[in-house]
Every structure is written in structure tokens, then in C-alpha cells.
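A look at the structure
Residue-level listing of the chains:
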Amino acid sequence: TDIADGLTRRVENVTDTLSETLFEPVIRLGVTGLSRAGKTVFITSLVANLMDRGRMPGLLAASEGRISAAFLQPQPDDTVPRFDYETHLAALTAPDPRWPDSTRAVSELRLSLRVRPSGLLAGLSGPRTVHLDIVDYPGEWLLDLALLDKSYTDWSAEVLSRIANRPQAAAYLEQARSTDTAARLDEPVAQSLAKGFTACLHAARDAGFYDCTPGRFLLPGDMAGSPALTFAPLAPPDSPPRKSLWREMERRFEAYKAQIVKPFFRDHFARIDRQIVLVDALGAIHGGPQAVEDMRRAMADILSAFRPGRNAFLSRLLMGRRVEKILFAATKADHLHHTQHARLTAIMAALTREARDRADFAGAETQSMTLAALRATVEETVRHNGRTLDCVRGRLLETGKQAAFYPGDLPEDPARLLTPARDGADKWLDADYQVMNFAPARLTLRPGEGPPHIRLDRAAQFLIGDRL
Ligand code: GDP
């Protein structure tokens, strides 16, 4: 009977899936970006604004009044953590609103929309249900794709040379140098090396470096402490003996690739139809030339995941399947007066240009945009020393005080940010460009203060509008 039960269940599953794909289209929307890019806030606000209709005029199906209902449903994947929408929304809508906890691992949420068809079909058929499966995952995990092509020896050599001159890496480099890598594996030594290397990655990240592979060292998810995460880059000894520390590190590096990186791409990445890549470009600009350059390189690496031709494993996995649309979005646009938004969009396009020039993402449609998933500011023009300044005003996170704030002008020509200064000086934008930390505004702005987001509706139109 177990077998019969199993069979019946399987047949039911198959028919469920069939009727779903025949009558209820599913869009799998991937949301990614490096840590702090704004993924959690984006998803929470997108879902809240879609459920509370009337605030998404740039989404045609919404402005045409064709979305008759939007509701959350159990997601199709039983083993993927659910995106904690209610908790995040509660943080943002509390009387004293807080920013929600950031993305640490992959999670998923299904939003279902009842949509009346448009155009010729409008009178002929009733509303249909479109499922939007939102998959949230750290951009750091995409950086791991490049590891698949590398041996432990190559990877170690590359990392050690990249971090050789970084002050944040000094402690780890010393630790690695003074370790006898040909000695028999001693687990505490391996753990201490992994810990030292992880600390080095965190310090690098805090200093504004974005290329911090292996991605799980920064965001381990539920893998923290497992052997596959207990390795570190080490120069190979001459003919490392079996069971030596170095051999075991090599084995774990391979386990990381086979048991962590590949399953992520197979189970999550390969099934995405539409993708948004969020970028805290303002944060990088604030960090200075080094941070911008590093961000540009990290973007190129992240985006190589969307050009599967370059990677044998991914090509085999996708078998011709592709992401149909990719949106590159600079987040936190509410830190800037709208007169600066076009410049930020140009910077965003420039940041991703190299990657886009090299290939057209296997035919995916791409666009760059500047948005704020949650407006924390209002605009204000103030006179200062006889000049008028276009400012933004918000409540400061640290003090809770209101402040109007002029962050400085972004350059009109993005090349000024992306080509390191010739004279070698760390000269950065004329005004010292600044970023402030604003507390979130309640998700309800009063009438006359504008919508609670900036261009979230246009992002939604680009990503899913054609399927509604
Ligand atoms: P994640 O790591 O990609 O999930 O990033 P989060 O969504 O947690 O965002 C990180 C931080 O960026 C938040 O805590 C906010 O401080 C800030 N942030 C994100 N989105 C916005 C936005 O639309 N406006 C403003 N002003 N700040 C934002």
C-alpha cells in the first residue's frame, strides 16, 4: 500500500503541476545582489505594494485595474525556507519603524495575482491566476561559480596574491606562512586557519572590497561549521603527503564545489525566469575609488553567471534554458534628489557595461534603473550661502533627528568614477560625497508626499508586466 500510496501521490503531483503550468502560469523571479544591497527591503516592499494596490501606477496591469486580487500562498518548494515577509513588514510598519534583518541565505515566497486579460481577450475569458515565485539569494553565492573552474592550487595562488598587500589580510597571511601544510591533518589547526581566513574576508568586506569568495564564508546559511566550510587558501608544499593538512584542505575545497556550489545552481539558480540584480552603487561611491573598482569587478563576476556559455557546468545544467530578463538596479535612490537619478542610472549602466559588452546574456533583455524600494526621505530645496541646493530630508538612524541633507553632485560622466585617477592621487568627487543612514519612514506616507517608493512599479513592469 505504501507503493500504491506513493504512486497515487505522484500522479496527483503530476496532474497538479500540469494544471498549474497549463492554466496558471508561474514566474520565478530571482532577487539577488551583494550583502546590504537592499534585497530584503525590495521584496518586502514589492509584495506590500502589490497586495495594497493603487500605489504601482507604472505597472500597466495595475493602472489598467486588471489585478483583482493579490494574495500569499504556500510556496511550491517544501524544503526552501520561506521569505519571512510578515516579520519584515512588521519591522517597516511599526510605530517606530526599523530596517528588517538582511538576507543571509536563500528563501522563497509565492505571491499569486488574479489578473483579467487585456486587449482582445478581455471580453472572452475570465480572470486567471499568475503565480509569482520570488527567490531571494545572496549575490555572494553567484561569485562561487568561478570556483568551479579552479583547482585548489589555482584558487589558493590567486587568493594569496590578491590579498598579499592588504592590511586586513596580514594576520591570516602570517598564520598561513607559519603553518606546516605537509604535516598530518590536525582538526584544530584547520579550524583555526578557516577562522582566520573568514575574519580576513569580513575585514576586507568592511574595508569596501566586494570580491569575497567563497561566498558561504561570509554567509554560511545552515552550513556554518561543516567540514566543507573549514578550509582556507594555502600555498602547496612540495609533493604534499596523503592525509596531510594540505591534502585535506584540497579535498574540502572540492567538497565545497560539489556539495554546496553545484546544488545551489541546480536547485535554485537554474530555475529562474526573470532576475533583478540590486546594487548599492551609492555605498560603493561613498567608499571611494577602490570600492567602485572592486564593485565593478564583482559585478562582472556575478554577471558571468548569466552568460552560461562560459561555464561548462552551467551550460550542461541549463540545457538552453535561459533567464528572459535581467534588471540591474541601483538601490536607495531616495538618498538623492531626483535631479541626480539619471546620473546614478548612467553609473549603474557603466558598472555593468563591460559584462554586457562581452555577451548579450544569451539573448536576455536587460535594463538599468535607479530605484528606492522604500522612500525614507522627502525632497527639499534649501538656500545656503546664496546657492540653492536640492536636498533630501529624513530621520537619521543614529539620533532619530530630522535632517535635510545635500550629498554632493554625482559626476555627469560615469567614466570619472570608473577610471582610476591618472595622477595616482586618491582624488574623489569634488564635494566630499557622503551617504547618510536614514531610518525607514513608515510604509504609509501622507498624501502629497509622493508614493512610498521610487520606480518600484517600473521595475515590476519590466520584470513581470508582459506576463500579466
Ligand atoms: P540585503 O542584505 O540585500 O537583504 O539588504 P537589506 O534589504 O537588508 O538592506 C540593507 C540596508 O540598506 C537596509 O537596512 C537599509 O538601511 C538600506 N536600504 C535598503 N533599501 C533601502 C531603500 O529603499 N531606501 C533607503 N533609504 N535605504 C534602504
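How each quantity is defined
- Residues numbered from 1 in each chain as written.
- Predicted model: local features only at pLDDT ≥ 70, side-chain atom pairs only at ≥ 80, totals over all residues.
- Domains from an automatic or database assignment.
- Contact = placed C-beta atoms within 7 Å.
- Helix = DSSP H or I, 4+ residues; strand = E, 2+ residues; numbered from the N terminus.
- Nonpolar A, V, L, I, M, F, W, Y, C, P; charged D, E, K, R; others polar.
- Pairing = 2+ DSSP bridges.
- Axes fitted to C-alpha atoms, helices over the stretch in contact; angles between N-to-C directions.
- Near = placed C-beta within 6 Å.
- Buried ≥ 20, exposed ≤ 12 C-beta atoms within 10 Å, placed from the backbone.
- Parallel < 35°, antiparallel > 145°, perpendicular 65-115°, else oblique.
- Core = buried A, V, L, I, M, F, W, Y, C linked by C-beta atoms within 7 Å.

1. Brief notes about the domain arrangement of the protein
We note that the domain assignment places domain 1 (2–142 + 266–374 + 452–467) and domain 2 (144–264) within the protein. The C-alpha centroid of domain 2 is placed 31 Å from the C-alpha centroid of domain 1. Listed per partner, the contact involves 26 residues of domain 1 and 17 residues of domain 2. Going through the elements one at a time, helix 5 (139–143), helix 10 (245–267), helix 12 (289–304) and helix 13 (312–318) are the ones with two or more residues in the side of domain 1 that touches domain 2. When its residues are assigned to classes, the side of domain 1 that touches domain 2 shows twelve nonpolar, seven polar and seven charged.

2. Structural notes on the sheet that holds strand 7 (residues 365–370)
Strand order in the open sheet formed by seven strands is 2-3-4-1-5-6-7, and the pairing between neighbours is mixed. Strands with a single pairing partner mark the edges of an open sheet, and in this sheet they are strand 2 (67–73) and strand 7. For this sheet the average axis-to-axis angle between neighbouring strands, irrespective of direction, equals 20 degrees. Across six bridges, strand 2 lies against strand 3 (residues 107–115) in antiparallel orientation.

3. Overview of the site of the ligand
The environment of the ligand is made up of 20 residues, and the closest members are G38, K39, T40, W99 and S102. At three residues, helix 2 (residues 39–51) tops the list of elements feeding residues into the shell around the ligand. When grouped by side-chain class, the residues that make up the shell around the ligand number eight nonpolar, eight polar and four charged.

4. Notes on the environment of A460
As for its placement among the helices and strands, A460 is situated in helix 16 (residues 456–464). By C-beta crowding, A460 is classed as buried, having 24 other C-beta atoms within 10 Å. Taking the C-alpha atoms as reference, A460 lies 9.8 Å from L327; in sequence the two are 133 residues apart. Leave out the neighbours within four places in its chain, and A460 touches L46, M56, L59 and G465.

5. Points about the packing of helix 2 against helix 4 (residues 85–93)
The interhelical angle for the contact between helix 2 and helix 4, taken along N-to-C directions, is 90 degrees, at an axis separation of 10 Å. Considered as vectors, helix 2 and helix 4 are oriented roughly perpendicular to each other. Contacts between helix 2 and helix 4 involve T40, T44, V47 and A48 on the former and, on the latter, Y85, H88, L89 and L92. When grouped by side-chain class, the residues that make up the contact of helix 2 with helix 4 number five nonpolar, three polar and no charged.

6. Topic: the nonpolar core
Formed by 116 residues in total, the largest nonpolar core has its most connected members in I134, V279, A281, L327, A329, L371 and A459. Here this core gets nine residues from one element, more than from any other, and that element is helix 10. For this core, the domains that each give at least three residues are domain 1 (2–142 + 266–374 + 452–467) and domain 2 (144–264). When neighbours within four sequence positions are excluded, L327 is seen to be in contact with I276, Q367, M369, A459, F462 and L463.

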